[in-house]
Amino acid sequence: MISYSQFCPVAKAAEVFGDRWSPIIMRELCFGTRSFGELLAAAPLISRTVLAQRLKQLEQDGVVYIEAKPKGKGHLYRLTPAGEDFRPIVELMSVWGQRWAQGLIGPHDLDPKMLLWGMRRQIRPAEIPAQGFVIRFDFRGIPKSNRCPRYWWLVLRPDEIEVCLIPPPGRDIDAMISADLGTFTKVWLGYRGLASAIETGQISLHGSTRAMMTARRLLALPDESKLKSFRYSAWPSSDAVAAQ
């Protein structure tokens, strides 16, 4: 744990929140992530040992509850009231990053799995068609250092969204999106407009006109660049990624 050896409230808050990985862990807990495995998946560069240490420290600081799973081995994690008071800070960091950190995104930051996970969290359940909706993604331009596959599926239902690595059995694909990963990431963030990316061939959409409109609405893809405000709240269901 870092220590500034100051009584200043800013310093004391920074000792809790400013440690490496702590903001990422707090971000995930704001989304309602509960298990150790889910936290580990959301921060693939952190080791199991460091994650366990950070969670234990956050518990000692009074911002995280750690409780045994009702069944089986392992623990579940959630924010305490003190931890919940960090939620506006997470949201303000997102606002600052959206406004001022656009130019800081490099090839090493691109990750199709994290992108799909991020999109999943921002989709509003009420906007998903009652019969469900399936989007297939074909990403090119994935950094060589990233071993993620290029094909992904979002399987949307009003009660759950799954991120899959293979087509869902017995379910037709409603919309297909082929895109340069870096370009699509910037379009989804609102840093670039979809219209210009389609015009230059960096993104292409396939499907019926109605399906394309639905996909664009669900993913909130703007025609022109427009910064987004992201929600940091729990989805009605688990945040687990299903690599079926």
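Being a predicted model, the structure only gives us computed values, none of them experimental.

Q: Explain the pairing of strand 5 (residues 160-164) residue by residue, including any values.
A: The buried fraction of strand 5 amounts to five of the five residues, a majority that puts the element mostly inside the structure. Residue alternation in strand 5 divides its side chains into two sets, E160, E162 and C164 and I161 and V163, and both sets are buried. Two elements, strand 4 (residues 151-157) and strand 5, share five bridges in a ladder whose sense is antiparallel. Residue L154 lies in a different strand from strand 5, and its bridge partner there is V163. With antiparallel pairing between neighbouring strands as the criterion, strand 4 and strand 5 make up a hairpin whose turn holds two residues.

Q: Provide a residue-level description of the pattern of salt bridges, including the pertinent values.
A: Between side chains of opposite charge, a pair can form when the charged atoms approach closely. For the coordinates displayed, the defined rule picks out 13 salt bridges. Close ionic contact of K56 with E59 constitutes a salt bridge, the shortest N to O distance being 3.2 Å. You can see K56 and its partner E59 sitting in helix 4 (residues 48-60), three residues apart, about one turn around the helix. Its salt-bridge partner being R171, residue D174 comes within 3.4 Å of it at the nearest N-O pair. Take R171: its relative accessible area is 28%, and that puts it in the partly exposed class. A single network of salt bridges, built from pairs that share partners, joins R27, E28 and R121.

Q: Now, about the side chain of D138: what can you tell me, with residues and values included?
A: Here D138 shows up in strand 3 (residues 133-140). Contacts of D138, omitting those with residues within four sequence positions, involve R150, Y151, I177, S178 and A179.

Q: Can you tell me about helix 7 (residues 112-122), naming the residues and giving the values?
A: Among the 11 residues of helix 7, nine are classified as buried, and the element is accordingly described as predominantly covered. Residues of helix 7 that are buried include every one of P112, L115, L116, W117, G118, M119, R120, R121 and Q122, and no others.

Q: Help me get a handle on the environment of I166, residues and values and all.
A: Turning to its location among the elements, I166 is positioned in the loop between strand 5 and strand 6 (175-180). As for I166 and R136, which are separated by 30 residues in sequence, their C-alpha atoms are 9.6 Å apart.

Q: Residues and numbers for the packing of aromatic side chains, please.
A: On inspection of all chains with the given rule, the structure shows six aromatic pairs. Considering the side-chain rings of F31 and Y232, the 5.2 Å spacing of their centres and the 35° angle between planes classify their relative orientation as tilted. You can see F31 sitting in the loop between helix 2 (22-30) and helix 3 (36-42) and its partner Y232 sitting in the segment after helix 10 (209-219), a full 201 residues away along the chain. Grouping residues by exposure puts F31 and Y232 together as buried. Summarising the aromatic geometry, the rings of F137 and F139 are spaced 5.6 Å apart at their centres and angled 15° between planes, so their arrangement reads as stacked. Neither residue differs from the other here; F137 and F139 are each classed as buried. Grouped by ring-pair contacts, the aromatic residues F137, F139 and F184 constitute a single cluster.

Q: How would you explain the nonpolar core if you had to name every residue and give the values?
A: The biggest cluster of nonpolar side chains holds 59 residues, and the ones touching the most others in it are I135, F137, F139, L154, L156, F184 and L219. Among all residues touching L154, those that are not within four sequence positions of it are L116, R120, I123, F133, V134, I135, F137, I161, E162, V163 and L219.

Q: Now, about the sheet that holds strand 4: what can you tell me, with residues and values included?
A: In spatial order, the strands read 5-4-3-6-7; together these five strands make up an open sheet with mixed pairing. Two strands lie at the open edges of the sheet, namely strand 5 and strand 7 (203-206), each paired on one side alone. On average, adjacent strands in this sheet sit at an angle of 15° to one another, irrespective of strand direction. Of the strand pairs in this sheet, strand 3 and strand 6 are connected by six bridges, and their pairing is parallel.

Q: I'd love a proper account of the pairing of strand 4, names of residues and values included.
A: The element strand 4 is extensively covered by neighbouring structure, given that five of its seven residues are classed as buried. Examined bridge by bridge, strand 3 and strand 4 share six bridges and lie antiparallel to one another. Across the sheet, R136 pairs through a bridge with W153, a residue of strand 4.

Cut-offs and rules
- Residues numbered from 1 in each chain as written.
- Predicted model: local features only at pLDDT ≥ 70, side-chain atom pairs only at ≥ 80, totals over all residues.
- Heavy atoms only, no water.
- Buried < 20%, exposed > 50% of the residue type's maximum accessible area, 1.4 Å probe, protein only.
- Helix = DSSP H or I, 4+ residues; strand = E, 2+ residues; numbered from the N terminus.
- Pairing = 2+ DSSP bridges.
- Salt bridge = Lys/Arg side-chain N within 4 Å of Asp/Glu carboxyl O.
- Contact = heavy atoms within 4.5 Å.
- Phe/Tyr/Trp six-rings, centres within 6.5 Å; stacked < 30°, edge-to-face > 60°.
- Core = buried A, V, L, I, M, F, W, Y, C linked by side-chain atoms within 4.5 Å.
- Axes fitted to C-alpha atoms, helices over the stretch in contact; angles between N-to-C directions.

The analysis is restricted to geometry; functional conclusions fall outside its scope.
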